[in-house]
Amino acid sequence: MKGSFVLLFMFCLGVFVGHKFPDFFQTGYDSGALILFLLMFFVGVHLGSSREFLDILRNTGFKIVEIPIITISGTLAGMLILSLFPVDFSLKELLAVGSGFGYYSLSSMIISRISGEMLAVVALLSNILREIISIILTPLLVKYFGSASPIVSAGATSMDTALPVIARFAGSDYVFPAVFNGIVLTLLVPFLVVFFLNL
Amino acid sequence: MFLIILIFLAGIGLGYLSRSIRNLNLFSGRISFLLVFLLLFSLGLSVGMNNIIIDNLVMIGLQSLTIAIFAISGSVILLLIFSKLRKK
């Protein structure tokens with residue numbers, strides 16, 4: 001969670017500097033695309049070289065895939081229901097933002113490339129909030145909705161920032177499902193975000 | 001923008017093939033964090049220069065909170081439905 005605050009601070013610092021000194025940065029040179037491509041590559045290497053995914057699948061069997069399937073369908077269903085209310089965003093934008101599953105950095109960067117800053121900020125904030133709310137509510141979620149509920153709530157962050165609280169309040173039996181859920185969702189974030197924005 | 005997906009897949013493939021290299025996982029994680037650091041700063045810069053976003057920040061924040069709540073509730077409610085069905 002400390003990392004999240006560092007990143008949020010960087011974003012806020014950027015907002016402040018950009019707002020106060022807009023003239024410094026309007027040079028027209030765009031290095032953002034290259035950095036995003038580098039990021040995609042290294043996140044890929046990070047996931048590809050992690051041993052946990054196949055190990056967990058081998059040791060626990062295919063029943064474990066239920067949790068990420070529920071996380072994805074539940075989140076998308078939530079977005080579908082939200083689109084019935086008067087909101088400023090179209091269904092495909094909501095689905096793309098929801099498909100961040102708490103992985104705010106990657107999802108907001110891809111969205112800023114494809115749809116622009118406005119939707120990127122919404123993706124950034126809503127996914128950071130998903131992470132923070134899930135972490136804070138984990139004890140209550142476990143108590144009222146069962147031990148698997150903080151995992152589906154945390155989404156992609158169930159394998160890193162939310163894992164310590166999940167392990168503590170849901171018990172060690174839920175560590176493997178949490179890590180597995182996080183890896184599957186992290187893998188799917190780029191695909192789903194790009195897919196929904198191209199609908 | 002499907003290039004993003006291709007680069008991502010190339011990274012996964014290369015990472016998987018060279019997973020025996022010591023500390024590759026740690027190293028690629030650190031580099032990703034650093035790149036996110038840069039990207040979030042540059043997103044911040046363009047947001048700071050965009051007065052439409054700055055003027056509507058409270059509204060954007062509330063909408064984002066609503067999205068987060070619907071995303072979390074959707075997942076948790078579906079989980080409850082799923083476990084109720086299983087018990088029957």
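Basis of the calculations
Just so you know, the residues in each chain are numbered from 1, in the order the chain's sequence is written. As a convention, the first chain written is A and the first ligand written is 1, with the rest following in written order. pLDDT decides what is reported in this predicted model: residues at 70 or higher carry local features, side-chain atom pairs at 80 or more are listed and counted, and totals for whole chains, interfaces and linings draw on all residues regardless. The side-chain figures draw on all heavy atoms in the structure; neither hydrogens nor water molecules are used. The helix count covers DSSP runs of H or I at least four residues long, the strand count covers runs of E at least two residues long, and both are numbered beginning at the N terminus. Throughout, radius of gyration means the C-alpha value; the globule benchmark is 2.2 Å times the number of residues raised to the power 0.38. For the exposure calls, accessible area comes from a 1.4 Å probe over protein chains only, and a residue counts as buried if that area is under 20% of its type's maximum, exposed if over 50%, partly exposed in between. Whether two residues are in contact is decided by their heavy atoms, any of which lying within 4.5 Å being enough. For the accessible areas, the method is Shrake-Rupley and the probe is 1.4 Å, while residue cover comes only from the protein chains on display. Definition used for salt bridges: Asp or Glu carboxyl oxygen within 4 Å of a side-chain nitrogen of Lys or Arg. Polar contact criterion, stated in full: a pair of N or O atoms within 3.5 Å, where within protein one must be able to donate a hydrogen and the other to accept it, and residues adjacent in sequence count only if both atoms are side-chain atoms. In this count, Pro and Cys sit with the nonpolar residues alongside Ala, Val, Leu, Ile, Met, Phe, Trp and Tyr, while Asp, Glu, Lys and Arg are called charged and the others, Gly among them, polar. Under the convention used throughout, the expected extent of a helix is 1.5 Å for every residue step, that is, one less than its residue count.

Right, let's talk about the overall build of chain A for a bit. In terms of regular secondary structure, chain A is built from ten helices and zero strands. Relative to the globule expectation of 16 Å for 199 residues, the C-alpha radius of gyration of chain A, 18 Å, shows essentially globular dimensions. By its C-alpha atoms, chain A is 55 × 40 × 30 Å across when sized along the principal axes. Counting the 199 residues in chain A, one finds 53% classified as buried. Once local pairs closer than 6 in sequence are excluded, the contacts in chain A between residues at least 24 apart make up 70%. Roughly 8800 Å² of accessible area belongs to chain A as shown, and the carbon and sulfur atoms make up 68% of that amount.

Here we come to the pattern of salt bridges. Across all of its chains, the model carries one salt bridge over all chains by this definition. Across the salt bridge formed by Glu66(A) and Arg86(B), the nearest N and O atoms sit 2.7 Å from each other. One end of the pair, Glu66(A), is in helix 4 (residues 66-82); the other, Arg86(B), is in helix 4 (residues 57-87), on a second chain. Overall, the relative accessible area of 23% leaves Glu66(A) in the partly exposed class.

Residue position: Arg51(A) is located in the loop between helix 2 (32-48) and helix 3 (52-60). When the C-alpha atoms of Arg51(A) and Pro164(A) are compared, they prove to be 20 Å apart, with 113 residues separating the residues in sequence. Residues contacting Arg51(A), with those up to four places away along its chain left out, are Arg19(B) and Ser20(B). A polar side-chain atom of Arg51(A) sits 3.3 Å from the main-chain carbonyl oxygen of Arg19(B).

Take the side chain of Asn181(A) next. Within the secondary structure, Asn181(A) sits in helix 10 (residues 175-197). Exposure remark for Asn181(A): the relative accessible area of 0% places this residue in the buried category.

With that settled, the discussion passes to the interface of chain B and chain A. The partner chain A presents 82 residues to the 60 residues of chain B that form the contact. In this assembly, chain B and chain A are joined by one salt bridge. Our count for the chain B to chain A interface comes out at 15 residue pairs in polar contact (both at pLDDT 80 or more). Sorting the residues of the side of chain B that touches chain A by element identifies helix 1 (2-17), helix 2 (24-49), helix 3 (51-55) and helix 4 of chain B as the ones contributing at least two each. The dominant element in the side of chain B that touches chain A, judged by the number of residues it contributes, is helix 2 of chain B, at 20 residues. Here the residues of the side of chain B that touches chain A sort into 40 nonpolar, 18 polar and two charged.

Before going further, it helps to spend a moment on helix 2 of chain B. Counting along an α-helix, one turn takes 3.6 residues, and residues three or four places apart therefore face a common direction. With 26 residues, helix 2 of chain B ought to run about 38 Å at 1.5 Å a step, and its terminal C-alpha atoms sit 38 Å apart, in line with that. Along helix 2 of chain B, the positions that sit buried rather than exposed are Leu24(B), Ser28(B), Ser32(B), Leu35(B), Val36(B), Leu39(B), Leu40(B), Leu43(B), Gly44(B), Leu45(B), Val47(B) and Gly48(B).

Purely geometric stuff here, so don't read any function into it on its own.
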